[in-house]
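Summary of structural features
These are the residues of each chain, in order.
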Amino acid sequence: MVTIADSAPPGVIAASPGTATKAIDKTLVLHLVSHASGELVELLARNAIAQLAGVQVERRLWKMVRHLGQIPEILGAVAQAPGYVLHSVSPSDLRQALEEGCGRLLVPCQFALEPLIGRLAEYSGAAVQFHNSSRDAFDEDYYRRIEAMKYTLAHDDGIASDDLDGADVIIVGVSRATKTPTCMYLASRGIKAANVPLVPGAPPPVGLLLATGPLVVGLTVDPARLARIRSARLKALNESETSDYTDFAELRKEVLGARRLFVARGWPIIDVTHRSIEQTSAMIIDLLRARANGAS
């Protein structure tokens, strides 16, 4: 599936220090096409444009381009807004289709790694051998883990809690219940994990209650252990411990309230008091596997 990333609005990329500046007098439409996350072509393009004075850039990015069926959509966009095409698509069938299409449209198209690969080959005497099909040197698991980590970072600690249906699992719990490290571990295994903190006196986010696709798991912890963890955190931050955040009676109410929510919503509960991050994650993976297999 072609993804067009235009979250960053078109704007001026400033010239590097010491470069003579002048009023903007040219707009460059830059089409970036990537077989993976797009980080390589974006980095190369940004550093190259930074050396040009007076250039305004309209950037269009396509990620995860791995199938020939994606090329027509890209070429259609290039035809509507002709510009410079920079790509990192090495599989020969995709590369040939993209470059031939750009040739018919009379727009420049450059493989981002070609100058470097050619010079390295010339220096080393090694033959250049591009992939012959749309299968990348990295397998699907690699890309799955990269995308999972990006998702998890973008949905950590309640961020974007109004849009959680893209998650594989949502982890819910009180503050300092190991939600974030557990999510990061799951992401490293290719699982899109979001985490939502429960705040005393505040209702759960509406997006959490409306999410129907992801598995929701509640984490609970012994109040005494939680008090020690929170006290240590405040001490590390040089903050006073005289607050409900570490008060044992308040912590008991907070943990009990969270557990009642989990039971009321029918969410599975994991007690993390004496479990490592790996053990908690393994239990969540088992829950996901059972859910996928239709088990209760």
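Structure first, text after, so check above.
Residues numbered from 1 in each chain as written. Predicted model: local features only at pLDDT ≥ 70, side-chain atom pairs only at ≥ 80, totals over all residues. Heavy atoms only, no water.

A few points about the overall build of the protein
We apply this condition: In DSSP terms, a helix is any run of H or I states spanning at least four residues, a strand is any run of E spanning at least two, and both are numbered starting from the N terminus. Only protein chains enter the accessibility calculation, which uses a 1.4 Å probe; a residue whose area is less than 20% of its type maximum is buried, one above 50% is exposed, and one in between is partly exposed. Here a residue-residue contact requires only that any non-hydrogen atoms of the pair lie within 4.5 Å. Computed with a 1.4 Å probe, the accessible areas rest on the Shrake-Rupley method; for each residue, only the protein chains presented here act as cover.
Along its length, the protein carries 10 helices and 10 strands. Burial status across the protein gives 38% buried among its 296 residues. Counting contacts in the protein only where the partners sit at least 6 residues apart, residues at least 24 apart contribute 76% of the total. About 16500 Å² of surface is accessible on the protein, with carbon and sulfur atoms providing 55% of the total.

Some remarks on the layout of surface pockets
If a probe as big as a water molecule is rolled over the atoms, it shows which places are left empty. Spelled out, the test is: Only protein atoms enter the calculation, which uses a 1 Å grid: trapped sets of points that fit a 1.4 Å probe without letting it out are cavities, open sets showing protein on both sides within 12 Å along at least five of seven lines are pockets, and any residue with an atom within 4 Å of a point is a lining residue. Grid points are joined across faces, edges and corners, and a volume is the space filled by probe spheres set on the points. Lys, Arg, Asp and Glu make up the charged group, whereas Ala, Val, Leu, Ile, Met, Phe, Trp, Tyr, Cys and Pro make up the nonpolar group; the residues left over, Gly among them, are polar.
Space inside the largest pocket adds up to approximately 580 Å³. What lines the largest pocket is a set of 28 residues, and nearest its centre among them are Val174, Leu198, Val199, Pro200 and Glu254. Of all the elements in the fold, those that place two or more residues in the lining of the largest pocket are α6 (179–188), β8 (193–197), α8 (223–236) and α9 (248–265). Class assignment of the residues belonging to the lining of the largest pocket gives a composition of 13 nonpolar, six polar and nine charged.

Digging into the packing of α8 against α9
What counts is decided by this rule: Under this scheme, a helix contributes an axis fitted over its contacting stretch, all axes are lines through C-alpha atoms, and angles between N-to-C directions fall in the 0 to 180 degree range. In a left-handed crossing the near helix is turned counterclockwise from the far helix by less than a right angle, and in a right-handed crossing that turn is clockwise.
Where α8 contacts α9, the two axes come as close as 9 Å, and the packing angle between them is 120 degrees. Seen along the crossing, α8 lies across α9 with a hand that is right-handed. Of the residues in α9, those touching α8 at Pro223, Ala224, Leu226, Ala227 and Arg230 are Phe248, Leu251, Arg252, Glu254 and Val255.

A short note on the side chain of Ser281
To keep it simple, the criterion reads: Each polar contact in these results corresponds to two N or O atoms within 3.5 Å; when the atoms are within protein, one needs to be able to donate a hydrogen and the other to accept it, and residues that are neighboring in sequence are counted only if both atoms are side-chain atoms.
Following the sequence through the fold, Ser281 ends up in helix α10 (residues 277–292). For Ser281, a relative accessible area of 0% translates into the label buried. Looking at Ser281, its side chain comes within polar contact range of the main-chain oxygen of Ile277, at 2.9 Å. Beyond its immediate stretch of four places on either side in the chain, Ser281 contacts Thr182, Tyr185 and Leu186.

As for the packing of aromatic side chains
Spelled out, the test is: Stacked, tilted and edge-to-face are the three classes assigned to paired rings of Phe, Tyr and Trp, where Trp is represented by its six-membered ring and a pair needs centres within 6.5 Å; plane angles under 30 degrees give stacked, over 60 edge-to-face, the rest tilted.
Scanning the entire structure with this criterion turns up one aromatic pair. Taking 6.3 Å as the distance between ring centres and 45 degrees as the angle between the ring planes, the aromatic pair formed by Phe262 and Trp267 counts as tilted. Judged by relative accessible area, Trp267 falls into the buried class, the value being 11%.

With respect to helix α2 (residues 71–80)
The criterion, for reference: The arc in question is the one spanned by the directions pointing from the helix axis to the C-beta atoms.
Considered for burial, the residues of α2 that qualify are Ile71, Ile74, Leu75, Ala77 and Val78. Taken end-on, α2 shows its buried residues confined to a sector of 160 degrees, consistent with a single buried face. Residues of α2 that are exposed and point over 90 degrees away from its buried face: Pro72 and Gln80. Those residues of α2 that are buried lie in contact with β3 (26–33), β4 (55–63), β5 (84–87) and α3 (92–105).

Points about the sheet that holds strand β9 (residues 215–220)
Going by this rule: Two strands qualify as a pair provided DSSP detects at least 2 bridges between them.
Read across the sheet, four strands follow the order β8-β7-β9-β10 without closing on themselves; strand pairing throughout is parallel. In this open sheet, the two edge strands, each paired with only one partner strand, are β8 and β10 (269–271). Put simply, the sheet's adjacent strands are angled 25 degrees from each other on average, direction ignored. With four bridges connecting them, strand β7 (residues 169–173) and β9 associate as parallel partners. What sits directly across from Ile171, in β9, is Val217. Packing of α6 onto the sheet brings it into contact with β7, β8 and β9, and relative to β8 it is tilted by some 175 degrees. Sheet strands touched by α9: β7, β9 and β10. Its angle to β9, the strand with the most contacts, is close to 155 degrees.

It is worth stressing that arrangement in space is one thing and function is another; only the former is reported here.
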